[in-house]
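Examination of the molecular architecture
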Protein chains: 2
Amino acid sequence: MAGKGKARKGGDRPGQNLRELLRIPEGERVDLASHATDATPGGPKDKAAGLAAIARMGERLADLQERLYAASTAGDRRRILLVLQGMDTSGKGGTVKHVIGLFNPSGCRIKAFKAPTREELAHPFLWRVSKALPQSGEIGIFDRSHYEDVLIARVRELVPRPQVTLRYGHINRFEQSLVDDGVTVVKVFLHIGHKEQRRRLLARLDNPDKHWKFNAGDIDERALWPAYQEAYELALERCSTAAAPWHLVPADRKWYRNWAVSTLLLEHLEALDPQYPPGDFDVEECRRRLLKGS
Amino acid sequence: MAGKGKARKGGDRPGQNLRELLRIPEGERVDLASHATDATPGGPKDKAAGLAAIARMGERLADLQERLYAASTAGDRRRILLVLQGMDTSGKGGTVKHVIGLFNPSGCRIKAFKAPTREELAHPFLWRVSKALPQSGEIGIFDRSHYEDVLIARVRELVPRPQVTLRYGHINRFEQSLVDDGVTVVKVFLHIGHKEQRRRLLARLDNPDKHWKFNAGDIDERALWPAYQEAYELALERCSTAAAPWHLVPADRKWYRNWAVSTLLLEHLEALDPQYPPGDFDVEECRRRLLKGS
């Protein structure tokens, strides 16, 4: 039951490894209905403990991020790409706000993917994704991603089915090439319940300040819930690879969602263990020159 | 002495307007030596009060940012561009971390300008800048900017002097066009002292974890301090326009610097007074449809 020294530091996850716990095993069938959306696997005991644990992680996350960035200035090509997927209202935007908000914004490269433009449609589906990738030392965040091209594209039949079927392989090869180039790909599916979505959509309707987030089309999409769940199951089972596994985060409870994504990032950053690079100059001589000047 | 209702809310700046206080008046000569770098004009009385005031601003800043973004989804083209300039170690990066860290990262577009690439040099100097501008509803942040093209370019004679001289006009017309298109341009010069720079460079040398930020070339640049101060004076006096004025922020005290930049952004956001747009759907019908479904 003994965990890694580093993981134990916070005192929140003795002997646990959330990456393993939430990972969707390669090649296994996925049945979303069997995963409770209000569960808190491996998490703190309640909301108060969750928020406290997140606050405690902030400094460590920012420190590791700075090390990752510092290492890149000396040629370390490693970087992180967080891919966030989930149904409408599952909390992709809230995760960016609350989790990515813990990091130094200058080292984060965030891209929210909307319906593709005409120019994007004229290119292969991975084209726009390739242009938004993080550079060395950065943490990239995709709010939606290339997975939309096997989700809404499948459900809404935006492309012929045989083409969708080919895309799973394209995605796996693309992600493998990222991993080979030093990208740690952290894929997170925010799993919310059908009833929770209704609650959140109604809450948006009840608050005029939230109406800008609401789209009558969201209700049409909601009617396709079973088709989307099936499309997610296929994407998760065909694209959870050893190189770039999917993680399923129950997302009905926002505090757990934020805690889980923060913890996943922390575990990955700790595994990378980036180091400040040594200077390429003579410290004593520089000090002398500085002290000699006025 | 009565301030605006909104400005008074925080209780930190009764009757004050930091924008006016720190603005470099259009057409006036600038003598940097006459501006104390350790002053705290208009600021809280000490560090503790400054940090508390910054913390109090966080929620209001994030709220105004969300409104700005929300308004853009209904066609409001307004956006903010914060331009940060200052000598090495003046705290441009620290400002991004501490001030921009108060905002939702997904609405911020941050660009740190380094030495231009070959491709960038093959284009007019404003080309790379134009590509990094914020979109509607966003807060753009330039860590260094097109001003380097009249600063290091002038001091190091990277381009012939007559060309540098023309650039001030280019910059003013470029910024006017941004303003005409809905950009609020907030230009901030972080003013640190020569001795404070030495102190900060020595501190970097003393801490191996900071060596990656140090460059022996920084000491060579430091030897050109008077030439840089003169180049800044020219840039500030020629490019502090009514449309896009410069603000001089004394930056020896980090807490004051962070407070001042936060306050400048807050005042500009309050002046924009962005509003949540109304929904373009029938709220009651949407509610009925949601409640009817499962």
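It should be emphasised that the depicted structure is a prediction, and the values quoted were computed from it without experimental measurement.

In this section: the overall build of chain A. The helix and strand inventory of chain A stands at 13 helices and 5 strands. A compact globule built from 294 residues would reach a C-alpha radius of gyration of about 19 Å, and chain A, at 21 Å, matches this within 12%. Burial analysis of chain A (294 residues in total) assigns 51% to the buried set. Contacts spanning at least 24 positions in sequence make up 82% of the contacts within chain A whose residues lie at least 6 apart. For chain A, the computed accessible surface area is about 13,300 Å², with 51% contributed by carbon and sulfur atoms.

Per the UniProt entry, the sites bearing "domain: Polyphosphate kinase-2-related" (unreviewed entry) are residues 49-274 of chain A in this numbering. Taken as a whole, residues 49-274 of chain A contains 52% helix and 14% strand, while its terminal C-alpha atoms sit 29 Å from one another.

Opposite charge on two side chains makes pairing possible when the charged atoms of those side chains draw close. Residues and elements named next belong to chain B. This structure, assessed with the given rule, holds 44 salt bridges over all chains. Among the ionic pairs, Glu267 bridges to Arg19, the shortest N-O distance being 3.9 Å. Of this pair, Glu267 sits in helix α12 (residues 254-272) while Arg19 is found in helix α2 (residues 18-22), placing the two residues 248 residues apart along the sequence.

As a further point, take the sheet that holds strand β1 (residues 79-86) of chain B. Residue and element names in this part refer to chain B. The 5 strands lie next to each other as β2-β3-β1-β4-β5, forming an open sheet whose pairing is parallel. Each having just a single partner strand, β2 (108-112) and β5 (246-250) make up the two edges of the open sheet. Across the sheet, the axes of successive neighbouring strands diverge by a mean angle of 20 degrees, strand direction being ignored. Sheet topology note: the β1/strand β3 (residues 139-143) ladder contains 5 bridges and is parallel. Bridge pairing in β3 places Val83 opposite Phe142. Strands in contact with helix α8 (residues 161-180) are β1 and β4 (183-191); relative to β4, the strand with the most contacts, it is inclined by about 135 degrees.

Looking now at the sheet that holds strand β5 (residues 246-250) of chain A. All names here are of chain A. Taken in spatial order, the 5 strands of this open sheet run β2-β3-β1-β4-β5, and their pairing is parallel. The open sheet has two free edges, formed respectively by β2 (108-112) and β5, since each of these has just one partner strand. Shown here is a sheet whose adjacent strand axes are inclined to one another by a mean of 20 degrees, direction ignored. Sheet topology places strand β1 (residues 79-86) next to strand β4 (residues 183-191); 8 bridges connect them, and they run parallel. Along β4, the bridge assignment pairs Val83 with Lys187. Packed on one face of the sheet, helix α8 (residues 161-180) meets β1 and β4 and runs near 135 degrees to β4. Sheet strands in contact with helix α12 (residues 254-272) are β1, β4 and β5, and its direction is about 150 degrees off that of β5.

With that settled, the discussion passes to the environment of A:Ile171. All names here are of chain A. As for its placement among the helices and strands, Ile171 is situated in helix α8. Spatially, the C-alpha atoms of Ile171 and Pro105 are 28 Å apart, while their sequence positions differ by 66 residues. Leaving out residues up to four positions away in the same chain, Ile171 has contacts with Phe125, His146, Tyr147, Val150 and Cys239.

Our focus in this paragraph is a positive patch on the surface. Residue and element names in this part refer to chain A. A contiguous patch of positive charge, built from Lys47, Lys97, Lys213 and Lys254, is present on the exposed surface. In this structure, Lys213 sits in the loop between α9 (194-206) and α10 (216-223). On the basis of relative accessible area, Lys213 is assigned to the partly exposed category, the value being 34%.

A separate point is the environment of A:Leu166. Mapped onto the fold, A:Leu166 is located in helix α8. Linking A:Leu166 and A:Ser262, residues 96 residues apart in sequence, is a C-alpha distance of 33 Å.

To continue, consider the relation of the copies chain B and chain A. Structural alignment of chain B on chain A gives an RMSD of 0.0 Å, achieved by rotating through 180 degrees and translating 0.0 Å along the axis. Each copy turns onto its partner about a two-fold axis. Comparing interface residues between copies, 100% of those in chain B also sit at the interface in chain A, which points to an isologous, same-surface contact.

So, about the side chain of A:His268. Checked against the element boundaries, A:His268 lands in helix α12. With near-sequence residues (within four places) excluded, A:His268 lies in contact with A:Arg19, A:Thr184, A:Val186 and A:His247.

Turning to the packing of α8(A) against helix α11 (residues 225-239) of chain A, a few remarks are in order. All names here are of chain A. For the pair α8 and α11, interaxial distance at closest approach is 10 Å and the crossing angle is 45 degrees. The pairing of α8 with α11 is recorded here as oblique in orientation. Helix-helix and strand crossings are classified by hand; for α8 and α11 the assignment is right-handed. Touching Thr165, Tyr168, Ile171, Asn172 and Glu175 of α8 are Leu234, Ala235, Arg238 and Cys239, all from α11.

Counting 72 residues, the largest nonpolar core has B:Leu82, B:Ile100, B:Tyr147, B:Val188 and B:Leu265 as the members making the most contacts within it. Among the elements that make up this core, the one with the highest residue count is α12(B) (10 residues). Apart from the residues lying within four places of it in its own chain, the contact partners of B:Leu265 are B:Leu61, B:Ile80, B:Leu82, B:Val99, B:Ile100 and B:Phe103. With 71 residues, the next largest nonpolar core counts A:Ile24, A:Ile54, A:Trp225 and A:Leu234 among its residues.

Our focus in this paragraph is the pairing of β1(B). For β1(B), the tally of buried residues reaches 8 of 8 residues, placing the bulk of the element in the interior. Because side chains alternate across β1(B), one face comprises the buried residues B:Arg79, B:Leu81, B:Val83 and B:Gln85, and the other comprises B:Ile80, B:Leu82, B:Leu84 and B:Gly86, equally buried.

For the structure shown, the criterion picks out 14 aromatic pairs over all chains. Summarising the aromatic geometry, the rings of A:Tyr256 and A:Trp259 are spaced 5.7 Å apart at their centres and angled 35 degrees between planes, so their arrangement reads as tilted. One end of the pair is A:Tyr256 and the other is A:Trp259, both in helix α12 and 3 residues apart, which spans about a single turn. A centroid spacing of 6.2 Å and a plane angle of 85 degrees characterise the contact between B:Trp255 and B:Tyr256, whose relative ring orientation is edge-to-face. Taken as a pair, B:Trp255 and B:Tyr256 share a single burial class, namely buried. One aromatic cluster in this structure is built from A:Trp255, A:Tyr256 and A:Trp259. Above the plane of the ring of B:Phe113 lies B:Lys111, whose end atom (NZ or CZ) is 5.7 Å from the centre.

Turning our attention to the interface of chain B and chain A. Contacts between chain B and chain A engage 41 residues on the former and 41 residues on the latter. Both faces considered, chain B and chain A share a buried interface measuring about 4,000 Å² in area, 65% of it formed by carbon and sulfur atoms. In terms of surface lost to chain A, no three residues of chain B exceed B:Pro105, B:Trp212 and B:Leu290, which account for 19% of the buried area on that side. Viewed at the interface, chain A and chain B are joined by 4 salt bridges. B:Asp220 is the salt-bridge partner of A:Arg289, the closest N and O atoms lying 2.7 Å from each other. Viewed at the interface, chain A and chain B are joined by 6 residue pairs in polar contact (both at pLDDT 80 or more). By residue class, the composition of the side of chain B that touches chain A is 20 nonpolar, 9 polar and 12 charged.

Conventions we followed
- Residues numbered from 1 in each chain as written.
- Chains lettered and ligands numbered in written order.
- Predicted model: local features only at pLDDT ≥ 70, side-chain atom pairs only at ≥ 80, totals over all residues.
- Heavy atoms only, no water.
- Helix = DSSP H or I, 4+ residues; strand = E, 2+ residues; numbered from the N terminus.
- Rg over C-alpha atoms; globule rule 2.2 N^0.38 Å.
- Buried < 20%, exposed > 50% of the residue type's maximum accessible area, 1.4 Å probe, protein only.
- Contact = heavy atoms within 4.5 Å.
- Areas by Shrake-Rupley, 256 points an atom, 1.4 Å probe, with all protein chains shown as cover.
- UniProt positions renumbered as here; feature names shortened; annotations may be inferred.
- Salt bridge = Lys/Arg side-chain N within 4 Å of Asp/Glu carboxyl O.
- Pairing = 2+ DSSP bridges.
- Axes fitted to C-alpha atoms, helices over the stretch in contact; angles between N-to-C directions.
- Patch = residues over 30% accessible without salt bridge, like charges linked within 9 Å, V, L, I, M, F, W, Y side chains within 5 Å.
- Lys, Arg positive; Asp, Glu negative; His and termini not counted.
- Charge placed at Lys NZ, Arg CZ, Asp CG, Glu CD.
- Least-squares fit on C-alpha atoms with pLDDT ≥ 70 in both.
- Parallel < 35°, antiparallel > 145°, perpendicular 65-115°, else oblique.
- Left-handed = near helix turned anticlockwise from the far one by under 90°.
- Core = buried A, V, L, I, M, F, W, Y, C linked by side-chain atoms within 4.5 Å.
- Phe/Tyr/Trp six-rings, centres within 6.5 Å; stacked < 30°, edge-to-face > 60°.
- Lys NZ or Arg CZ within 6 Å of the ring centre and 35° of its normal.
- Buried area = accessible area lost by both parts, 1.4 Å probe.
- Polar contact = N/O pair within 3.5 Å; in protein donor to acceptor, adjacent residues only side chain to side chain.
- Nonpolar A, V, L, I, M, F, W, Y, C, P; charged D, E, K, R; others polar.

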